[in-house]
Amino acid sequence: MPVFALKPGYQGERMDRVENFGGNQIVYFGWDEHRMFCAAKAFPLPPSMPFSAVMEQIIPEAFGQHPEFSQINWDSVEWMLNNEPFKPQLDVSLEAQGVDHKSLIRFKTPGLTGYNGLGV
Amino acid sequence: MAAKKLNIKDKYRLLTRDLDWDFSYEDPKKAFPYEEFEGIKITDWNKWEDPFRLTMDSYWKYQAEKEKKLYAILDAFSQNNGHLNVVDPRYVNAVKIFLTGVSPLEYQAYQGFAHVGRQFSGVGARVACQMQSLDELRHVQTQIHAMSHYNKFFDGFQEFSHMHDRVWYLSVPRSFFTDARSAGPFEFMIAIGFSFEYVLTNLLFVPFMSGAAHNGDMATVTFGFSAQSDEARHMTLGLEVIKFLLEQHEDNVPIVQKWIDKWFWRGTRLLTIVAMMMDYMLPNKVMSWKEAWEVYFEEAGGALFKDLARYGITMPKYADVIEKEKEHISHQAWWTFYTHGHAAGFHTWIPSDQELDWLSEKYPDTFDKYYRPMWELAKEQEAKGERFYTSGLPQLCQTCQIPMLFTEMDNPNQNSMRDTVFDGERYHFCSDGCCDIFKDEPEKYVQAWLPVHQIFQGNCGGPDVGDILSDYYRMNVGVDNMDIKDSPDEQRWNKWKGVA
């Protein structure tokens, strides 16, 4: 359905186009079944950022407060990028491995099921 | 001969319908340019049954009397230091949410009804909407006056209007109303007049007003009572609107159904904050959110939709999801505010043990399983001297603008996330309901002012969160926000009450 509008061809201004973020793009990160964090978190990141920098700077900043964080075995982590299985390449930039503006990266930690095993 | 005194009915007819005129040399479509673009067909405006039957002079007389009484009580409240009678300073934080999140909506309702009160070509509907717009303007004024007393003694009230336009969580109620106001006049009436005023308003007003009464807040009780007779009229108008549209033309039915689906979903998302207030912020509980939902929506709303079935109207889409979510949303919302307590304009806290038990009793199927463990963790962190404030900024839903805190009803441990691509850009949603609304009118919702993205675009000052809170939101950082424990609010309260 097109929008109900007074005049044909109505198009609101896109507020979050990538050009508005000063060279960054938005990437969301979510840790599945860990509700200590109420929602996935948003970060403005340069598209040229390698995934190794995400692992060193962003992931600990986003999720390091969780008591299970230090126990994560990153080799067994299962990643999803925009609802598709994803294998992050550490030395490759976000852009070059398909992480574009407003991408959602989710990860599961097999064996770690939240505080007291209760999904928190 | 002396003029005959008119009876009320004649006076009403002369002062409303009789003041209208037909357009003989101007095109009526130019006079009422908003009336047709939504596709609603009106064949006879004379079939409109005026719900209020009020003339302006009787309106003034009646409201003036009411307000004289209201202000006398508010004066007495103030002179007797009425704020000392609230049960606990935690309660006042619910009033802060009301003033920053709800009262400005009364002002938006005034603007919205004034607009549609000009745009309908039917004079009966115009008059009714104009009356309601005046009611809404009075409500925002009486609410500000009632709550101004608390502003003298508690933090977080001082910049309510500025905050409403800027603060991250207040973009939820604000955008709800700007969505309705930027729609056509008939959609506005279904959104606000019917869905909100007729069906959902009881879930806002009754819990807040009973909550105020149970917690010693006579100021709020007083304006609630004063507004009640107006609310009854608004409900009548909401019902008249929907019946009128459905009876005018069968082509209106699918359009109205679509708006019902949209605005019930938007309305229930908005009421999440009321759910949280009832279950977590009232020291003396009234009823649980789940109970309120069952009484005011499932029973009352269910009967209404049974009545509307003869027009071909069905229960709002996703009512089945909402029925399951009533067990979850209050807990999820309070956890979100608790963990973002550093960025909220009011205080948050861990529920007492007694309150945790009350929640277990009221939510036997969900609280102990999913939500009590969160508070156990919060207590542990607090005991270690690490009261949990989450880092970073949350992902928001493009439609309702709430952080994506809701979970899948078939797996309540997992956040519910949906997305769609429009015009080469990806958009994210908390639910199928919000995703459907976007997909129906993406050209509208791409312009959502999402607070988190605005911060990252550099439009809210900063870059530090503290600077954004103090300079852009005008919060008094370290005073208005953070846990209630050791807050200036709590310290003053203890001093007044002589508690060490």
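*Asks:* Account for unusual backbone geometry, naming residues and giving values.
*Replies:* For the bond running from Gly462 of chain B to Pro463 of chain B, omega is 15 degrees, close enough to zero to count as cis. The topology assignment puts Pro463 of chain B in the loop between helix H19 (451-456) and helix H20 (465-472). With a phi angle near 60 degrees, Lys102 of chain A is a residue other than glycine that sits in the positive phi range. Within the fold, Lys102 of chain A resides in the loop between strand S4 (84-86) and strand S5 (103-108).

*Asks:* Describe the sheet that holds strand S3 (residues 78-81) of chain A, naming the residues involved and giving the relevant values.
*Replies:* Pairing is mixed across the open sheet formed by six strands, whose spatial order is S4(A)-S3(A)-S5(A)-S1(A)-S2(A)-S1(B). Strand pairing shows two members of the sheet lacking a second neighbour, S4 of chain A together with strand S1 (393-394) of chain B, which therefore form its edges. In the sheet, strand S1 (residues 25-31) of chain A pairs with strand S2 (residues 41-45) of chain A via five bridges, with the strands oriented antiparallel. Bridge pairing in S2 of chain A places Phe29 of chain A opposite Lys41 of chain A. The strands touched by helix H1 (residues 51-63) of chain A within the sheet are S1 and S2 of chain A, with S1 of chain A carrying the most contacts at an inclination of about 50 degrees.

*Asks:* Run through helix H16 (residues 367-383) of chain B, naming residues and quoting values.
*Replies:* Residue and element names in this part refer to chain B. Helix length check: H16, at 17 residues, gives a terminal C-alpha distance of 22 Å against a target of 24 Å (1.5 Å per residue), a fit within 8%. Considered for burial, the residues of H16 that qualify are Phe367, Tyr370, Tyr371, Arg372, Pro373, Met374, Trp375, Leu377 and Ala378. Looking at the packing, one finds that the buried side of H16 touches helix H14 (329-339), helix H15 (353-362) and strand S3 (411-415). Among the residues trailing H16, Gly385 stands out with phi positive, at a value near 80 degrees.

*Asks:* Can you tell me about helix H4 (residues 92-119) of chain B, naming the residues and giving the values?
*Replies:* Quick reminder: α-helices carry 3.6 residues per turn. Residues three or four places apart thus point the same way. Residue and element names in this part refer to chain B. The end-to-end C-alpha distance of H4 is 40 Å, a good match for the 40 Å that 28 residues give at a rise of 1.5 Å each. Of all bends in H4, the biggest is about 35 degrees, found at Leu99. With 21 of 28 residues buried, H4 lies mostly within the body of the structure.

*Asks:* Describe the packing of helix H8 (residues 185-214) of chain B against helix H12 (residues 289-308) of chain B, and please don't skip the residues or the numbers.
*Replies:* All names here are of chain B. Where H8 contacts H12, the axes come no closer than 9 Å and their chain directions differ by 155 degrees. Between H8 and H12, the crossing angle belongs to the class labelled roughly antiparallel. The hand of the H8/H12 crossing is right-handed. Contacts between H8 and H12 involve Val199, Asn202, Leu203, Val206 and Pro207 from the former and Ala292, Tyr296, Phe297, Gly301 and Leu304 from the latter.

*Asks:* I'd like to hear about the packing of H4 of chain B against helix H11 (residues 272-281) of chain B, residue by residue, with values.
*Replies:* All names here are of chain B. Following both chains from N to C, one finds H4 and H11 inclined at 165 degrees, their axes separated by 10 Å at the closest point. Judged by the angle between their axes, H4 and H11 are roughly antiparallel. Crossing hand, H4 versus H11: left-handed. Here H4 contributes Asn93, Ala94, Ile97 and Gly101 to the contact with H11, which in turn contributes Ile273, Met277 and Met281.

Thresholds, definitions, all that
Residues numbered from 1 in each chain as written. Chains lettered and ligands numbered in written order. Predicted model: local features only at pLDDT ≥ 70, side-chain atom pairs only at ≥ 80, totals over all residues. Helix = DSSP H or I, 4+ residues; strand = E, 2+ residues; numbered from the N terminus. Pairing = 2+ DSSP bridges. Contact = placed C-beta atoms within 7 Å. Axes fitted to C-alpha atoms, helices over the stretch in contact; angles between N-to-C directions. Expected span 1.5 Å × (residues − 1). Buried ≥ 20, exposed ≤ 12 C-beta atoms within 10 Å, placed from the backbone. Bend = angle between axes of the 7 residues up to and from the residue. Parallel < 35°, antiparallel > 145°, perpendicular 65-115°, else oblique. Left-handed = near helix turned anticlockwise from the far one by under 90°.

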